[in-house]
Structure formats: C-alpha cells, structure tokens
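Here is how the chains run, residue by residue.
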Amino acid sequence: MVPKLRIAVVGGGIGGLAAALALTRKGHEVRVYEQAPELREAGVGMHLGPNGSRLLERWGLGERLRALGVRPTGMEVRDWSHGGTLVRQPMGEEWLAEFGAPYYTIHRADLHTMLAESLPSGTVRAGHRLERFTETGSGVRLEFADGSTTGADVLIGADGAHSVVRRTLAGPDTAVFSGQSAFRGVVARDQVPGLPGDTLLVWAGPDARMLVYPVRGGRFLTFVAVVPDPRWRLESWSAPGDLDELAARFDGWNTDVKSLVAAVRESRRWALYDREPLARWSAGAVTLLGDAAHPMLPHHGQGVSQAVEDAAVLAHCLDAPRSPDPSAPADAASTPAARRAIAAALDAYEGVRRPHTTRVQLGSRGGGSQRLRPDEDGAESTGTMSSLVEDVSWVQRHDAEAGLPPLPLPPPSATP
C-alpha cells in the first residue's frame, strides 16, 4: 500500500476541479491538465441542487456558496400569454428542511473560481491538450499536443462530452439529438425591473419554454430559452445566438418575457444533445467523471451536481489502495498488488455511480416537454409543477456519501 497516489485529472472544468479538490482532501498528489491556455469557465448561471451543495459544504465551501450563490425563495410557473402566475412552489427554507441542504442558483464562473481557489497552488496545468495515453504495468503515461509527457498512478477523464479519454476507453459514439436547442445568456436585473431577483421563473408555451433565475445576489438574471428546431445541430457552448431570431421566437408572449428578450445584448445557442449511457466507465487505472462519463440534457439541472457526486465517491473509493504509512517507498503504487487495488477501487466507484447517473441521465430526457402537463382534473399548472419538483425530488434528496461500503484490498498473497 502507498501513502498517496499520483492522480492526473484531464479537464479543468467544474467536474475536474471538484475531483481534484475531493482527492486533494484525501491526501493524494493531484494535477489537473487543461487544454485551454488559461483556466477559465465560460457560460452563465447554473443550478446546484441540495445533492451537490451538501457535499461542497462538507468540503468547507459553505460560506463561499452563501456569498456567491442565490437561494431562490420560490419557483413560479407563469402563463406564457398573459403572464399571470399559475402556481408557486416555495423553496428557500422549505427545501432546506425537505432535502437537508440548500438549493442554489449560481454563476458558473463563480463556482469554477471557488473550486480553483480552494486547490493548492500549482495543481492546475493550463495549455495541456491530451492527445493519447497508455497504461503500462507501473502506471499511466500521458502525451500532450505540445510534446510533453507525464506519468500518473491514476488517470481521470473529466474532459467533457467530447472526451479524449472516453473515446479511447469506449470507442466512438453517436450524439443523440433531442430536436431542441437553447438560447442562454445573462441580463442585468435593473434592465427588467418587473422581474424578481429571488425567484425561479418558468413560462411554458405552445412551442417554447423560457426559464429565468437569479445569480450574483440577484443583480443578474440568467435566461435559458428552449426551442424546438431540428435544423440547429451545432453542439457548442460558445456559438452565438441570433438576437433577432430569439425575439421572433417569443413574439406574442407576455410583456415580461418580451421585455427580458429586448434587454438581451448577447446570447449563446447550443443544440441539446446527450449520449447513450455507457456500459463501462473504467479500465485498469483509468476512469471517467462528469460529462465525460454521463453527458445529459439540462432539463433537470443536474449536470454539475452529478459531477460533484462523482468526485466525492471517487475520492472515497481511492482511499482503498492507500494507507498513511510514511515508510512506503515512492514507487509503491507500481507494484502488481497496488495496481490491482487501484483497478478494484475504480470498479467500485463505477459500481456505485453508474446505475445512479444512468437513471438521472435518462430521466433528464423526459424533462424537455415544452407544453404544460395537465393533472387528472385538467389543471395544467399543477401538472407542470409536479414535473419540475416531484420527478427530481429523489435526486436532490440523494446523499452520495451515505452508506458507502468499506472497500477491501486484494490480499497480499494475490501477487503473481
């Protein structure tokens, strides 16, 4: 057994940084390799469910979350045409009591920066685009586009839906197009004073849906406008969205939505794809995490929280091949017994996480309906609230660290 592992994380997004933090807290030597020339996060707002926030609080980030995130006081479904509130679901303290941890809306860049600043200096190496990796009998060798190489005891692919690590492990796959695309952006709330800075708003119309929620203390509002469009198939987070087309999509909607759209100065648009769940995430000392393992549609707002859960369980499982023995030699992780222990730890991680994320991944496909879903009595509003809250309550109640079993090591006599 070894005192710590050398772990390479490929991908410096939120999932990769969360993995690095969770593993660093366990005493491992972690390096994050990011292909961009500098570490930064693009995007707008995002949801951090109680299942994700409870883990970040355990990592000591609760105070920063409270300072940077917003805890919406409620969720409202409003009529797309006249704008009236159809139903309101209290959140805030009620959801804290229900799920045991806060629900936040937060700017992606704020969460990304929070995680990066929590890591030891020198953890992240920017400008390193992975081209290939090879597992040897003593570890994993990584080769980068600039010609540099490095070795590690464990490789974690957190490099997104277009993951190099995923493609090497599982082969090429086909993206599954939902038939929808989404415009997204941020608007200063003082540009739309009629909209609240503490509420998650949903307008579901006959052929589109608008979601709006606060970030950065309610000073800004993130909007996500989901529209059906089989022609727009560009799977890119950074492709510009045509503001004239955005306005045309919501022409005829209520005053609040039209005022919001009129205040937009910049938008991005991406086609909504996911992938079929993988049958396998891990091989030897290599595994996947976050979108590289389970890219999912955004309708349940679980992409980031699932990556944080992955990180917590992975860190737990990788405790198995190590011990606090300071006398262990530096190359102890390269012994056959240690390599088997690492592979067993990654198998255990996958065994815990893959069934759970598969259920969330496939369930997210059912959250993309544009129209209000009626109850038995025909009331559209309650049906929509049921789909937004009850369908994902089991996800938000989940504690990824609860009930994790101890992970036995292979017996010493197993060495060849």
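Now for a quick tour of the structure.

Each value, and the rule that gives it
Residues numbered from 1 in each chain as written. Predicted model: local features only at pLDDT ≥ 70, side-chain atom pairs only at ≥ 80, totals over all residues. Heavy atoms only, no water. Pairing = 2+ DSSP bridges. Helix = DSSP H or I, 4+ residues; strand = E, 2+ residues; numbered from the N terminus. Axes fitted to C-alpha atoms, helices over the stretch in contact; angles between N-to-C directions. Core = buried A, V, L, I, M, F, W, Y, C linked by side-chain atoms within 4.5 Å. Buried < 20%, exposed > 50% of the residue type's maximum accessible area, 1.4 Å probe, protein only. Contact = heavy atoms within 4.5 Å. Expected span 1.5 Å × (residues − 1).

Our next topic: the sheet that holds strand S9 (residues 139-144). The strand order S8-S9-S10 describes an open sheet built from three strands, whose pairing is antiparallel. This sheet does not close on itself; its edge strands, each paired only once, are strand S8 (130-136) and strand S10 (149-152). Within the sheet, the average angular offset between the axes of one strand and its neighbour, ignoring direction, is 20°. Pairing of S9 with S10 involves four bridges; the strand directions are antiparallel.

If you look at the biggest cluster of nonpolar residues, it comprises 65 residues, and the most contacted ones within it are Leu111 and Leu142. Setting aside anything within four residues of it in sequence, one finds Leu142 in contact with Ala8, Val10, Tyr33, Leu130, Arg132, Phe133, Ser148, Thr149, Thr150, Ala152 and Leu155.

This part covers the side chain of Ser305. You can see Ser305 is positioned in helix H9 (residues 303-317). Among the residues examined, Ser305 registers a relative accessible area of 0% and is labelled buried. What Ser305 contacts, discounting residues up to four positions off in sequence, is His47, Leu48, Gly49, Asn51 and Gly52.

Right, let's get into helix H1 (residues 14-25). Compared with the 16 Å implied by 1.5 Å per residue over 12 residues, the 16 Å span of H1 between its first and last C-alpha is a close match. Burial runs high along H1: 10 of the 12 residues are buried. Listing the buried residues of H1 in full gives Ile14, Gly15, Gly16, Leu17, Ala18, Ala19, Ala20, Leu21, Ala22 and Leu23. Immediately downstream of H1, the backbone of Gly27 shows phi near 95°, a positive value.

Here we come to the sheet that holds strand S11 (residues 154-157). Strand order in the open sheet made by the five strands is S7-S2-S1-S11-S17, with parallel pairing throughout. A strand with exactly one partner marks an edge of an open sheet, and here the two such strands are strand S7 (124-125) and strand S17 (286-288). Sheet topology note: the strand S1 (residues 6-10)/strand S2 (residues 29-33) ladder contains five bridges and is parallel. Looking at the pairing, Val10 lines up with Tyr33 of S2. Against the sheet, helix H10 (residues 336-365) touches S11 and S17, its axis set at about 15° to S17.

That's the geometry; what it means functionally is another story.
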